[in-house]
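What follows is each chain in one-letter form.
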Amino acid sequence: MICVFNTLTRKKEEFVPLKKGRVGMYVCGPTVYDHDHIGHAWNYTTSDLLRRLFEYNGYKVKQVMNITDVGHLTSDADIGEDKLEKSARERGETAWQIAKFFTKIYLLDRDKLNLEKPQVICKATDHIKEMIRLVQILIDKGYGYETNDGIYFDTAKFKDYGKLSGNTLERLKEGARVEINPEKRNPSDFALWKFSPAGKKRDMEWKAFGKMGFPGWHIECSAMSMKYLGENFDLHTGGEDNIFPHHECERAQSEAATAKKFVNYWFHTRFLMVEGEKMSKSLKNFFTIKDLEDKGYSALDLRYLFLTAHYRSQLNFTWQSLEAAKIAREKLNNFILSVKGKGKVNKNYKDQFLSFINNDLDTARGLALIWQLLKDKDISDADKKAAILDFDQFLGLRLAKLKKKKNIIPKKIIQLVKEREKARKDKDWARSDELRQLIEKEGFSVEDTKNGPIIATFFCGKKSTW
Ligand SMILES: [Zn+2]
C-alpha cells in the first residue's frame, strides 16, 4: 500500500490508481527564462522520487512534464511584461533563443541530478492550438469573458474555486489590491488568454479571438496535461508555491471545461530554505547546480542531501549539510566499489525499506536504513551490496554505475616534473623551487627519492611513481 499526502483533502491517503498497475502524473516544469536554483531542483527531485516510488512498486508510470517557453507574467495581477520577453530584452536576444538555451541547461541539470526522463516533455509553444480550443470551450460554457486586454475566467461561476488552496473568493476579495483591469468581474478572475498590447510587436504572439495575443499563465498546463493524460488523471506534482494561484486556476478551468474531476491527488513539495532564510534575489542566496559544482560538489551530493529530508518538511540547505552529504555518499560509493561478488537482497530489509518509502515518501528513514544495514554483522557484505543496489533503483544515487577512480597524473604535471628534474641536474635550485610551487598549485606534490621523483595528488593521497 502506498500513501501520499493529498493537498486537496489535506490528508494522507492510500493511493488508488485510476487504472490498475498504472499511474499518470503531470509535473509543472520550468519557465525557461533563467537558470534554475536548488529550490527548483528540490521540487523536481521529489517529483522524480515519487515516480520512482511507483516504478519500484511495479507500476507502469507515464510522467508528463511541460516546458513553459512562453508567457508567464511577472505578477499575478496579469499585467506587465512576461518573464521570457523580459529576459530576452535584457540579454539582447529573442524570446525563442532564450527559451531554447535555458531548456537545454534545464535538461542537463536534470541529468546531473539523475532525474528520470519524463515519457512526455511538451513545450507550451507546440500546444497553442489546444490552448485556444480550451479557452473557446470556456467561453462557450459561460466561464470565459472578454475584456479590453484579454479573456478572463469568471471565478465566481466555479463554485469550487479556492478548495485546493483555501483561498476562497471571500478571502481574496478582502485582500484584493487596487485592480489594474476594472473590467474584471472579480478580483480573483485570471487571464486565460491575453491580447498583445496595441502598437507593440511581441516575439511570441498568435492570432486568435480576432486579435494577436498569447496564452495566460495557467492555461498551458490544463491543455497539455489533459491532452496526454486524459481529462481525469491520477497525480499532479509541483512546488508549494504552485498551489496558488497556478494549480487553483488550472483546476478551476479544467473542471469547468470538462465537468469532470481533474486530478485525484495533488502532491506539493515545501519551500527550500538556504542557511535558515527564504531564497531571494536580494539576499543573493540563489544557488544553481553550477554554483555547487564550482565549489567541488556534485549534483548527486545535493540529491543525497534531499533524500535526508521529507518533502513536506522545510529543508534547510547549508554548505555544512552539503559537505556531510558528500562525505556520506563517498562512504557509500566506497563500500559498493570495495565489495566483490553477487549477493541476495535480504527480505526483512527490503520490506522495511518499502514500508518507509511507501509511507508518504519517507526517504529519510529509507536512507537511514542503509546505514543500519551496513552495521549489521549478521549480513554478508555481498548481501548488503545487493540490497543497497536494489534500493538505489528508487534512491537514484547511480550506485550501480560507479567506476573506480583511476589515479591518472595529467600530462601537464608530468611535463613540470620533467622540467624540474632537469633544473635539479643543472643545479638551478631557484627554478626547481619555482616548479615545485607550480606543481603544488595544481594539487600535486613531488617527493625526491633515490629512484627518481614520486608524484602524489593532494586530493586523494594516493601515490604513483613516475
Ligand atoms: Zn503548471
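Sequence order sets the numbering: in each chain, residues are counted from 1 along the sequence as written. Local features in a predicted model are, by the rule used here, given only for residues with pLDDT of at least 70; side-chain atom pairs are given and counted only at 80 or more, and totals for whole chains, interfaces and linings are based on all residues. With hydrogens and water excluded, all non-hydrogen atoms of the structure serve as input to the side-chain values.

**Some remarks on the coordination of the zinc ion**
Because water is not among the atoms used, a metal site may look incomplete, as its donors are only the N, O and S atoms within 2.8 Å, or 3.2 Å for Na, K and Ca. Here the zinc ion is held by the protein donor atoms Cys 28 (SG), Cys 221 (SG) and His 246 (NE2), which lie 2.1 Å from it. The sequence pattern formed by the donor residues of the zinc ion is C-x192-C-x24-H. Of the two residues, Cys 221 is situated in helix 6 (residues 219-229) and His 246 in helix 7 (residues 243-258); the sequence distance between them amounts to 25 residues. Across the pair, His 246 and Cys 221 agree in class, each one buried. For the purposes of this entry, the term helix denotes a DSSP run of H or I that reaches at least four residues, the term strand denotes a run of E that reaches at least two, and both are numbered from the N terminus. Relative accessible area decides the class of each residue, using a 1.4 Å probe on protein chains only: under 20% of the type maximum gives buried, over 50% gives exposed, and in between gives partly exposed.

**Quick word on the packing of helix 11 (residues 347-357) against helix 13 (residues 381-395)**
Working convention: axes come from line fits to C-alpha atoms, limited for helices to the stretch in contact. Angles between N-to-C directions cover 0 to 180 degrees. Where helix 11 contacts helix 13, the axes come no closer than 11 Å and their chain directions differ by 15°. Classed by the angle they form, the pair helix 11 and helix 13 counts as roughly parallel. Note on packing geometry: the crossing formed by helix 11 with helix 13 is right-handed. Touching Tyr 349, Lys 350, Phe 353 and Ile 357 of helix 11 are Asp 390, Phe 391, Phe 394 and Leu 395, all from helix 13. Put simply, Ala, Val, Leu, Ile, Met, Phe, Trp, Tyr, Cys and Pro go in the nonpolar bin, Asp, Glu, Lys and Arg in the charged bin, and everything else, Gly too, in the polar bin. Class assignment for the residues of the contact of helix 11 with helix 13 results in six nonpolar, no polar and two charged. Put simply, angles under 35 degrees are roughly parallel, angles over 145 are roughly antiparallel, angles from 65 to 115 are roughly perpendicular, and the rest are oblique. Handedness of each helix crossing follows the sense of rotation of the near helix against the far helix: counterclockwise by less than a right angle gives left-handed, clockwise gives right-handed. Any two residues whose heavy atoms approach within 4.5 Å are treated as being in contact.

**Some words on the sheet that holds strand 7 (residues 150-153)**
Sheet strands pair by backbone hydrogen bonding; their relative direction is either parallel or antiparallel. In space, the five strands of this open sheet follow the order 6-7-8-10-9, with antiparallel pairing throughout. Of all the strands in the sheet, the pair left with one neighbour each is strand 6 (144-146) and strand 9 (206-208). This sheet shows a mean twist of 40° between the axes of neighbouring strands, independent of strand direction. With four bridges connecting them, strand 7 and strand 8 (residues 190-195) associate as antiparallel partners. When the bridges of strand 8 are listed, Tyr 152 appears paired with Ala 191. Two strands qualify as a pair provided DSSP detects at least 2 bridges between them.

**Topic: the domain arrangement of the protein**
It is common to give the size of an interface as the accessible area that goes away when the parts come together. Domain limits in this description derive from either an automatic procedure or a database domain assignment. Domain boundaries in the protein define domain 1 (3-269), domain 2 (274-401) and domain 3 (411-465). Taken residue by residue, the interface counts 30 residues in domain 1 and 40 residues in domain 2. Summing both sides of the interface, domain 1 and domain 2 together bury roughly 2,900 Å²; the carbon and sulfur share of this comes to 64%. The term buried area denotes the loss of accessible surface (1.4 Å probe radius) that occurs when two parts are joined, taken as the sum for both partners. It is Ile 38, Trp 42 and Tyr 56 in domain 1 that bury the most area against domain 2; as a group they hold 29% of the surface buried on that side. Salt-bridge detection follows one rule: a side-chain nitrogen of Lys or Arg within 4 Å of a carboxyl oxygen of Asp or Glu. Between domain 1 and domain 2 we count three salt bridges in total. Among the salt bridges present, the one from Asp 48 reaches Arg 303, with a minimum N-O distance of 2.9 Å. Polar contacts, as counted here, are pairs of nitrogen or oxygen atoms within 3.5 Å of one another; within protein the pair requires one atom able to donate a hydrogen and one able to accept it, and residues that are adjacent in sequence qualify only if both atoms are side-chain atoms. Where domain 1 touches domain 2, the interface holds 16 residue pairs in polar contact (both at pLDDT 80 or more). Within the residue set of the side of domain 1 that touches domain 2, elements represented by two or more residues are strand 1 (3-6), helix 1 (38-56), helix 3 (95-112) and strand 12 (263-269). Looking at the side of domain 1 that touches domain 2 element by element, the count peaks at 12 residues for helix 1. Grouping the amino acids of the side of domain 1 that touches domain 2 by side-chain chemistry returns 13 nonpolar, nine polar and eight charged.

**Concerning helix 1**
An expected span of 1.5 Å times one less than the residue number is assigned to each helix. Taking 1.5 Å per residue, 19 residues should reach 27 Å; helix 1 reaches 26 Å between its end C-alpha atoms and fits that length. Helix 1 sits mainly inside the fold: 17 of its 19 residues count as buried. Directly beyond the C-terminal end of helix 1, a positive phi value near 90° is found at Gly 58.

**A word on the packing of aromatic side chains**
We call Phe, Tyr and Trp rings a pair once their centres come within 6.5 Å, taking the six-membered ring for Trp, and we label the pair stacked below 30 degrees between planes, edge-to-face above 60, and tilted otherwise. This structure, assessed with the given rule, holds 24 aromatic pairs. When the centroid spacing of 4.7 Å and the interplanar angle of 55° are considered together, the rings of Phe 15 and Phe 54 count as tilted. Of this pair, Phe 15 sits in the loop between strand 2 (11-14) and strand 3 (22-27) while Phe 54 sits in helix 1, and the two are 39 residues apart along the sequence. For Phe 15, a relative accessible area of 3% gives the class buried. By relative accessible area, which is 0% here, Phe 54 ends up buried. Between Phe 101 and Phe 102, the aromatic rings sit 4.9 Å apart at their centres with planes inclined by 75°, giving edge-to-face as the arrangement. For Phe 101, a relative accessible area of 45% gives the class partly exposed. Note on Phe 102: relative accessible area 2%, which makes it buried. By way of ring pairs, the aromatic residues Phe 15, Phe 54, Tyr 59 and Tyr 265 are connected into one cluster. Whether a charge sits over a ring depends on NZ of Lys or CZ of Arg being within 6 Å of the ring centre and within 35 degrees of the ring normal. Over the ring of Phe 195 we find Lys 211; its NZ or CZ atom is 4.2 Å from the centre of that ring. A cation sits over an aromatic face here: Lys 326 above Tyr 297, 5.2 Å from the ring centre.

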